[in-house]
Amino acid sequence: MGSLKNHLPVRSDTVFLGFSVTKAITAVLAAKMVEDGYMSFDEPICERIWPEFAPYDAPPLELLKALNGEENLETRWRWKRSITLRHILTHTTGLWYAVPADLSVKTLSSCESCVRGFEYNPSKPGDTLLPISRPGAECTYQYLSFGWLVAGCVIGAYHCRHGERKTYQEIYDAILSPLHSSELRGSGFKPCGGDKAHDAAHVETDIDFLRFMQMKREAEAMGEEAAEYSMDINEGSRDHLQDLERRNVVLKGIEGREFILDPRIWNSNFVMPANVPAAGGRFSAKGIALFYHELASGKMVSPDMLTQISSVSVRGGNLQELQGETLVSNRSSEGQKSSFGLGFQIITIENVNDGDIFGHAGVGGSIGFHHIRNNTSVGIMLNRIGAQRESVKDIISTISKHLTW
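Residues numbered from 1 in each chain as written. Predicted model: local features only at pLDDT ≥ 70, side-chain atom pairs only at ≥ 80, totals over all residues. Heavy atoms only, no water.

Student: Mind showing me how you'd approach the overall build of the chain here?
Tutor: Along the backbone of the chain there are 15 helices and 11 strands. Looking at the chain as a whole, 59% of its 405 residues qualify as buried. Excluding contacts between residues fewer than 6 apart, the proportion of contacts in the chain whose partners are at least 24 apart in sequence is 73%. Accessible surface, the chain: about 17000 Å² in total, of which carbon and sulfur atoms supply 48%. (Helix = DSSP H or I, 4+ residues; strand = E, 2+ residues; numbered from the N terminus. Buried < 20%, exposed > 50% of the residue type's maximum accessible area, 1.4 Å probe, protein only. Contact = heavy atoms within 4.5 Å. Areas by Shrake-Rupley, 256 points an atom, 1.4 Å probe, with all protein chains shown as cover.)

Student: Explanation requested: helix α15 (residues 391-402) in the structure shown.
Tutor: Taking 1.5 Å per residue, 12 residues should reach 16 Å; α15 reaches 17 Å between its end C-alpha atoms and fits that length. Among the residues making up α15, those that are buried are S391, V392, K393, I396 and S400. Next to the buried residues of α15 lie β9 (366-371) and β10 (376-380). T404, located one to two residues past α15, shows a positive phi value of around 50°. (Expected span 1.5 Å × (residues − 1).)

Student: How should the packing of helix α7 (residues 145-162) against helix α8 (residues 168-175) be read in this particular structure?
Tutor: Helix-helix packing is described using two parameters, namely the angle between the two axes and the distance between the axes. Look at α7 against α8: their axes get within 10 Å of each other, and the N-to-C directions meet at 70°. It follows that α7 is roughly perpendicular to α8 by the angle criterion. Remark: the crossing between α7 and α8 carries left-handed chirality. Of the residues in α8, those touching α7 at A151, V154, I155 and Y158 are Y168, I171 and I175. A class-by-class count of the residues in the contact of α7 with α8 yields 7 nonpolar, no polar and no charged. (Axes fitted to C-alpha atoms, helices over the stretch in contact; angles between N-to-C directions. Parallel < 35°, antiparallel > 145°, perpendicular 65-115°, else oblique. Left-handed = near helix turned anticlockwise from the far one by under 90°. Nonpolar A, V, L, I, M, F, W, Y, C, P; charged D, E, K, R; others polar.)

Student: Mind showing me how you'd approach helix α1 (residues 21-35) here?
Tutor: An α-helical turn contains 3.6 residues, so any two residues separated by three or four positions project in the same direction. Across its 15 residues, α1 extends 22 Å between first and last C-alpha, which sits within 8% of the 21 Å expected from 1.5 Å per residue. Of the residues flanking the end of α1, it is G37, one or two places downstream, whose phi is positive at about 85°.

Student: Would you take a moment to explain the side chain of R81 for this structure?
Tutor: Along the chain, the position of R81 falls in helix α3 (residues 73-81). Excluding residues that lie within four positions of it along the chain, R81 makes contacts with P44, C46, A54, P55, Y56 and D57.

Student: Sorry if this is basic, but what is going on with the packing of aromatic side chains here?
Tutor: Note on aromatic pairs: each is described by the distance of the centres and the angle between the planes. For the coordinates displayed, the defined rule picks out 15 aromatic pairs. Seen from their ring centres, W50 and F53 are 4.8 Å apart, and the 35° between their planes marks the pair as tilted. F53 gets classed as buried once you look at its relative accessible area, which sits at 0%. Ring plane angle 15° and centroid distance 6.3 Å describe the contact between Y141 and F340, whose orientation is recorded as stacked. A residue pair is termed long-range when its members are at least 10 positions apart, and Y141 in the loop between α6 (111-116) and α7 and F340 in strand β6 (residues 338-340) qualify at 199 residues. Residue class for Y141 comes out buried when judged on its relative accessible area of 6%. Overall, the relative accessible area of 2% leaves F340 in the buried class. Members of the aromatic cluster, each reached through a chain of ring pairs, are F189, F283, F291, Y292, F344 and F358. (Phe/Tyr/Trp six-rings, centres within 6.5 Å; stacked < 30°, edge-to-face > 60°.)

Student: Teacher, can you tell me more about the packing of α1 against α8 here?
Tutor: Two numbers describe how α1 lies on α8: the axes approach to 11 Å, and their chain directions differ by 65°. α8 is crossed by α1, and the crossing has left-handed handedness. Residues I25, T26, L29, K32 and M33 of α1 lie in contact with α8, whose contacting residues are Y168, I171, Y172 and I175. Grouping the amino acids of the contact of α1 with α8 by side-chain chemistry returns 7 nonpolar, 1 polar and 1 charged.

Student: What am I meant to see in the sheet that holds strand β1 (residues 16-17) here?
Tutor: Pairing between the strands of a sheet comes from backbone hydrogen bonds, and it takes one of two forms, parallel or antiparallel. Pairing is antiparallel in the open sheet, where 3 strands are placed in the order β1-β4-β2. The open sheet has two edge strands, β1 and β2 (189-190), and neither has a second partner. In this structure, β2 lies alongside strand β4 (residues 282-283), joined through 2 bridges in antiparallel fashion. Looking across to β4, one finds that K190 is bridged to R282. (Pairing = 2+ DSSP bridges.)

Student: Looking at this structure, how should I read the pattern of salt bridges?
Tutor: Opposite charge on two side chains permits pairing when their charged atoms draw close. For the coordinates displayed, the defined rule picks out 9 salt bridges. As a salt-bridge pair, E70 and R76 come within 3.0 Å of each other at their nearest N and O atoms. (Salt bridge = Lys/Arg side-chain N within 4 Å of Asp/Glu carboxyl O.)

Student: Could you clarify how one ought to interpret the environment of E119 in this entry?
Tutor: Topologically, E119 is positioned in the loop between α6 and α7. Polar contacts involving the side chain of E119 include one to the side chain of W50, which spans 2.9 Å. (Polar contact = N/O pair within 3.5 Å; in protein donor to acceptor, adjacent residues only side chain to side chain.)

Student: What is the right way to look at the nonpolar core in this model?
Tutor: Soluble, globular proteins show a tendency: their nonpolar side chains are buried together. The biggest cluster of nonpolar side chains holds 96 residues, and the ones touching the most others in it are M33, M39, F53, W148 and L295. Here L295 is in contact with V28, M300, V301, L306, F344 and F358, once residues within four sequence places are set aside. (Core = buried A, V, L, I, M, F, W, Y, C linked by side-chain atoms within 4.5 Å.)

Student: Please clarify how the environment of I346 should be interpreted in this entry.
Tutor: Here I346 lies in strand β7 (residues 345-346). For I346 and D356, which are 10 residues apart along the polypeptide, the C-alpha to C-alpha distance reads 7.9 Å. Once you skip the residues sitting within four places of it in the chain, I346 turns out to touch S310, S311, V312, S339, F340, G341, G355, I357 and F358.

Student: What is the right way to read the sheet that holds strand β5 (residues 314-316) from this model?
Tutor: Ordered by their spatial adjacency, 6 strands build an open sheet running β5-β6-β7-β8-β9-β10, and the pairing between neighbours is antiparallel. The open sheet is flanked by β5 and β10, the only strands paired with a single partner. As paired elements, β9 and β10 share 5 bridges and run antiparallel to each other. The residue bridging H371 from the neighbouring strand is T376, located in β10. Across the sheet, helix α12 (residues 285-296) lies against β8 (357-362), β9 and β10, angled at about 155° from β10, the strand it touches most. Docked against the sheet, α15 engages β9 and β10, running at close to 155° with respect to β10.

In structure tokens:
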């Protein structure tokens, strides 16, 4: 069922919220624009395509006053000015924790509004988002910031060439969508959010996020460490100080905007059609599989570009810590380093050579990927968060055995 509460049956074109499955499609748009000469992977994005991101050589005086007391402001401003598209696509910007200061359920529905939240606003210098590590030094999963940072580059690069300011969706429709087959477009493939043309399966969860946030507030009121009440998403990571520190950075970064932790917001009228390029795509399993098939067939980027973006560029920490629920295989266990290409996970599966599979997984059991050697594309879409965490692993294992990977 697409939704037990709404008695919605699943059809072949029923779309599910893809969460981070969306990141791969966003990355392909960026790669296509690099290939077409709109931008490069390695130019600092503030120098030409997105000057509003960090417009001055030195941190403005009003920023220093507004953030007085924070450490290394001048260094962190220089770090921000050095960020490239490659840093964004490899999760190494140091802005992995960042969300716009004015984020609300309503503003979440506007990609362009969220993009502006990463720009320097002289009227609100205290809202400036700065890296917490040197770009390129540390790979930490950019759970939401990934999409808005890529979108800022896409919008700015398009404006540089054409002299007009288009929305992210308009640019996607102009550059990448024409390369999709009619079969893909009609299969339940909505990378820029849902619409009324398709029934959408609702997100459902067994995790009580409201209770978690209430426990956090009560703990703080009593002077206790909120880390003691970290979400029970990945129990094994509790013993690792770094994981707890990262969770606390996330909680600090979204203070007052904790609603984004609750996946049920994606069922709201505001967010159902929202364009959130890191997590808001709505896809059928057939649509995701077709996307990877057409991508691997050379219909979107050249073979050379595909090799570049689907090869290992960096290795980071345990992806499940922030990505959450999708277990791909027993090899995706606690403590294993996650490998990324330029916007893609390099996925490890039992009995498959490392580097043979690229794709992206998302919270809730969603995943899309392509097996290079076997020339097989797979899409799996689930919408139940907090239950049956190993379902995708079992499905992939069955596929692997059937196709003798």
